[in-house]
Structures are given as structure tokens and as C-alpha cells.
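# Analysis of the macromolecular model
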Amino acid sequence: MARASSIDLNAFTPSTRATFQQYVLESPNNRRVSQSDKGAIIGWLTNPRKRPSSQKEFSRRNYVQKSFILEEGSQLLLARAKTAVDKDRIVVTEDMIIDVVESVHNNIGHAGWDATWKAINTSYYGVPRSDLIFLLRRCQICARNPSKRPKSSLRIPLNAQPIDQEVHDFPNSGEMQYDFPSWYALANHHNTGD
Ligand SMILES: [Zn+2]
């Protein structure tokens, strides 16, 4: 009992899944890719004769064609690598976020937030770091094993910082913000206030 095999257990309970689904609905994030976003991206990639009907669509098409690719054979939608050291990343729609986080987090042995984030961000596109943290805080394996708790949460009492400090730290953590889909912002310009 004391040493339950983490491989045999799900990181997330059905209740966590329901909570996360609600959270996604209530906390929009431009970094997530909905099914309709994905459909629109694939539409621009697969139909070269589709003409943009506005400047907005033109920008959006250019962004999509520059940023995404359909893998030959598998037809997997990939976000193109930005640099020579990166690799193309699998586009994760928002309904798959929890499964991807669970799988990656299990595979790396319930390592902490930073390690899990790095593993996900290296291979997958469309998972906001804030979603990752939301989920890892609720990982039942980590909760049962104090030695596997994220270092960040252990630091909090020492620094006497409020727990939400972690949330405010994300945008400063480097990797997360730079590749917001600008076409998405364009398509939702009423939200950006311009
Ligand atoms: Zn865990």
C-alpha cells in the first residue's frame, strides 16, 4: 500500500476531469486549440484554392501556412518548429489536453511542473502552462507521494508566498507566451480592444 505503482494509477480522477472541463469552459485561453480552430487550420492547409475574403482572413491564412503543416501519411496536424533545434509539435485540441498531460506526466515518472512542462512543450502545441499547473496540482499520484510533489509547492511555505504567485509567474517563464496564434487574435479582435 505504501508503495503503490504510479504506472497502474491514473493521475487524474473522473472528478478532476469534470473540474478541468468546467475550467476550460470558464477560462478561455488563446493558446488552446478548439476543434473548430483545428478545422479552420486544416482548411487553409488543404485547400489552396480557398481565397481569403478579407484582410483578416488573408493574415490568418498566411499565419496558418507559415506555422502549421499536415504530416504526410499520418495527416497529423503539426505546429512547425521555430528554430533548427526545435522539432515540429503535435497540435493538441483542448479536449485532448488532459490526456496528453496525464500521459506525459506518467511517462516521466511524475516529475515536477517544470520537467512536465518542458516535456509537453517540446512535443505538443496547444497546452497552456496554466492548464498544466491546474492539472498537476490535482495529480493524485503526486498528492500521495510527498517526494514527488512539485518543488515549487514545497518552496511556498519557505518564501511565505501566496499560492497564486505561481500563476502570476507563468508569463515570465519565457517559453509560454511568444507563440500565441496571432490569427486567432485577429479572428477575435473584439476581445483585444483594437
Ligand atoms: Zn503526478
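Notes on the structure follow.

## So, the nonpolar core
With 26 residues, the main nonpolar core has V101, L132, L135, L136 and C139 as its most contacted residues. When residues of this core are traced back to their parent elements, those giving at least two are β2 (77–79), α4 (97–107), α5 (113–123), α6 (129–136) and α7 (140–144). In terms of residue count, α6 provides more of this core than any other element does, five residues in total. In this view, L135 contacts F12, F20, I98 and V101; residues no more than four positions away in its chain are not counted.

## A word on the sheet that holds β2
Strand order across the open sheet formed by four strands is β1-β2-β3-β4, with mixed pairing between neighbours. Strands at the two margins of the open sheet, each flanked by one partner only, are β1 (68–70) and β4 (124–125). Where strand β3 (residues 89–91) and β4 come together, two bridges link them in parallel fashion. Pairing of V91 across the sheet is with Y125, part of β4.

What counts and how
- Residues numbered from 1 in each chain as written.
- Predicted model: local features only at pLDDT ≥ 70, side-chain atom pairs only at ≥ 80, totals over all residues.
- Core = buried A, V, L, I, M, F, W, Y, C linked by C-beta atoms within 7 Å.
- Buried ≥ 20, exposed ≤ 12 C-beta atoms within 10 Å, placed from the backbone.
- Helix = DSSP H or I, 4+ residues; strand = E, 2+ residues; numbered from the N terminus.
- Contact = placed C-beta atoms within 7 Å.
- Pairing = 2+ DSSP bridges.

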